[in-house]
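What the coordinates show
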Amino acid sequence: MKWLLELLLPPRARCAICGKPGQASVCTPCTADIAAFQRLQSTGLVKLLGQGKVLALLPYEGAVRRRIHRLKFANSPAIARALAQAFARAEVLPTCGVDLVTAVPMHRARYLERGYNQAELLGKELAAVQKLPFRQVLLRTRSTPPQNTLGRSARARNVAGAFTASENLTGRRILLVDDVCTTGSTVIACAEALRQANALDVVIAVVAISLTRSQG
Ligand SMILES: [Zn+2]
């Protein structure tokens, strides 16, 4: 009987967050975690980067941390797609007021080494589910050591001025996508570059955000 069911049913989907097989694209416990975090964000109890608007799906811990690690090192468009759909379902992203999606760029040398940029994969999938155009309008002007090898203040110095916009963005309202936000130095430096190119508004969206500031 079991073999017959396996033959008839489509292959089981995996939860976008924890990766466990199941029927739903986001399992019940992970859906509850997302909802709890969204409530926490809306109460203002979670202080997310003073100057910018950062929208995050979950805190950077546990299952989502492992999932992002897979996205980073296993070139998986399927994971990016599943995470983008989880974003859309959780209604975290603004439904209006954004007209362009872009992503934190990777330096060319690192891109060539890895073959893909996980932030771009996510950005493209988010743009697709939100029915918005995606364009990489940021350039990394110099190669910088990976942020996770540095402390908090060194991270800010590391990426300051490392980005520039490749076109004039006058009047654009931009959704800037990255996978993880820890100190925020990278997304803040990117948002700054977008504003310098005359972007009207920049909203930052990350899958996961670090809540422990001391992590750097
Ligand atoms: Zn799950």
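All values reported here derive from a predicted model rather than from experimental measurement. Think of each chain on its own: its residues are numbered from 1, step by step along the sequence as written. Selection of residues for local features in this predicted model requires a pLDDT of at least 70, selection of side-chain atom pairs for listing and counting requires 80 or more, and totals for whole chains, interfaces and linings are taken over all residues. Note that the side-chain values use all heavy atoms of the structure and ignore hydrogens as well as water.

Sites may look incomplete, because water is not among the atoms used; the donor set itself consists of N, O and S atoms within 2.8 Å of the metal (3.2 Å for Na, K and Ca). Taken together, Cys15 (SG), Cys18 (SG), Cys27 (SG) and Cys30 (SG) make up the protein donors of the zinc ion, found 2.2 to 2.4 Å from the metal. Square planar and octahedral sites, with four and six donors, are those where opposite donors lie more than 155 degrees apart and all other angles lie between 65 and 115, tetrahedral sites have four donors with every angle between 85 and 135 degrees, and the rest are irregular. Coordination geometry of the zinc ion: the four donor atoms subtend angles of 102 to 116 degrees at the metal centre, consistent with an arrangement described as tetrahedral. Sequence positions of the donors to the zinc ion reduce to the motif C-x2-C-x8-C-x2-C. Pair noted here: Cys18 is in the loop between strand S1 (13-14) and strand S2 (21-22) and Cys30 is in helix H2 (residues 28-43), with a separation of 12 residues, a long-range link. Buried, partly exposed and exposed residues are distinguished by accessible area as a fraction of the type maximum, computed with a 1.4 Å probe on protein chains only: under 20%, between the cut-offs, and over 50%, respectively. Accessibility expressed as a relative area gives 23% for Cys18, which makes it partly exposed. Residue classification places Cys30 among the buried positions, given a relative accessible area of 6%. A run of DSSP states H or I qualifies as a helix once it reaches four residues; a run of E qualifies as a strand once it reaches two. Both are numbered from the N-terminal end.

Planes of paired rings set the category: under 30 degrees apart is stacked, over 60 is edge-to-face and the rest tilted, where pairs are Phe, Tyr or Trp rings (Trp by its six-membered ring) whose centres lie within 6.5 Å. As enumerated under the stated definition, the model contains zero aromatic pairs in all. By definition, being over a ring means that NZ of Lys or CZ of Arg is both within 6 Å of the ring centre and within 35 degrees of the ring normal. Residue placement shows Arg65 over the ring face of Tyr60; its charged tip is 4.5 Å from the ring centre.

This part takes up the layout of surface pockets. The gaps of empty space that remain are located by a probe, the size of a water molecule, rolled over the atoms. By volume, the largest pocket is sized at about 740 Å³. Detection works on a 1 Å grid of protein atoms alone, calling trapped sets that fit a 1.4 Å probe cavities and calling open sets with protein on both sides within 12 Å along at least five of seven lines pockets, with lining residues defined by an atom within 4 Å of a point. Looking at the largest pocket, it is lined by 33 residues, and the ones nearest its centre are Lys72, Gln118, Gln147, Asn148 and Asp179. When residues of the lining of the largest pocket are traced back to their parent elements, those giving at least two are helix H3 (62-73), helix H5 (108-114), helix H6 (118-130), helix H7 (152-159), strand S7 (173-181) and helix H8 (185-196). Gly is put with the polar residues, along with every residue not named as nonpolar or charged; the nonpolar set is Ala, Val, Leu, Ile, Met, Phe, Trp, Tyr, Cys and Pro, and the charged set is Asp, Glu, Lys and Arg. Residue composition of the lining of the largest pocket, by class: 13 nonpolar, 12 polar and eight charged. Grid points are joined across faces, edges and corners, and a volume is the space filled by probe spheres set on the points.

This next bit is on the pairing of strand S4 (residues 100-103). Neither face of S4 is left uncovered, since the one carrying Leu100 and Thr102 and the one carrying Val101 and Ala103 both have all their residues buried. A pair of strands is treated as paired once DSSP finds two or more bridges between them. As paired strands, S4 and S7 are joined by four bridges and run parallel to one another. Residue pairing across strands places Leu100 opposite Ile174, the latter belonging to S7.

This paragraph deals with the pattern of salt bridges. Just to be clear on terms, a salt bridge is a Lys or Arg side-chain nitrogen sitting within 4 Å of an Asp or Glu carboxyl oxygen. Going through the model one piece at a time under the given rule, you end up with four salt bridges. One salt bridge connects Asp179 with Lys72, and the closest N-O pair in it is separated by 3.3 Å. Of this pair, Asp179 sits in strand S7 while Lys72 sits in helix H3, placing them 107 residues apart in sequence. We classify Asp179 as buried; its relative accessible area is 3%.

Positioned with a positive phi, Lys131 is a non-glycine residue whose angle comes to about 55 degrees. By secondary structure assignment, the location of Lys131 is in the loop between H6 and strand S5 (138-140).

On to the pairing of S7. Sheet faces and side chains relate simply in a regular strand, where the side chains alternate between the two faces. Burial within S7 is extensive, with eight of its nine residues counted as buried. Bridge analysis of S7 against strand S8 (residues 201-209) gives eight bridges, and the strand direction is parallel. Following the sheet pairing, Leu175 is matched in S8 by Val203. Crossover handedness for the path S7 to H8 to S8: right-handed. Look down the strands so they point away from you; if the path from the first strand over the helix to the second goes clockwise, the crossover is right-handed.

What is shown is where atoms sit, not what they do.
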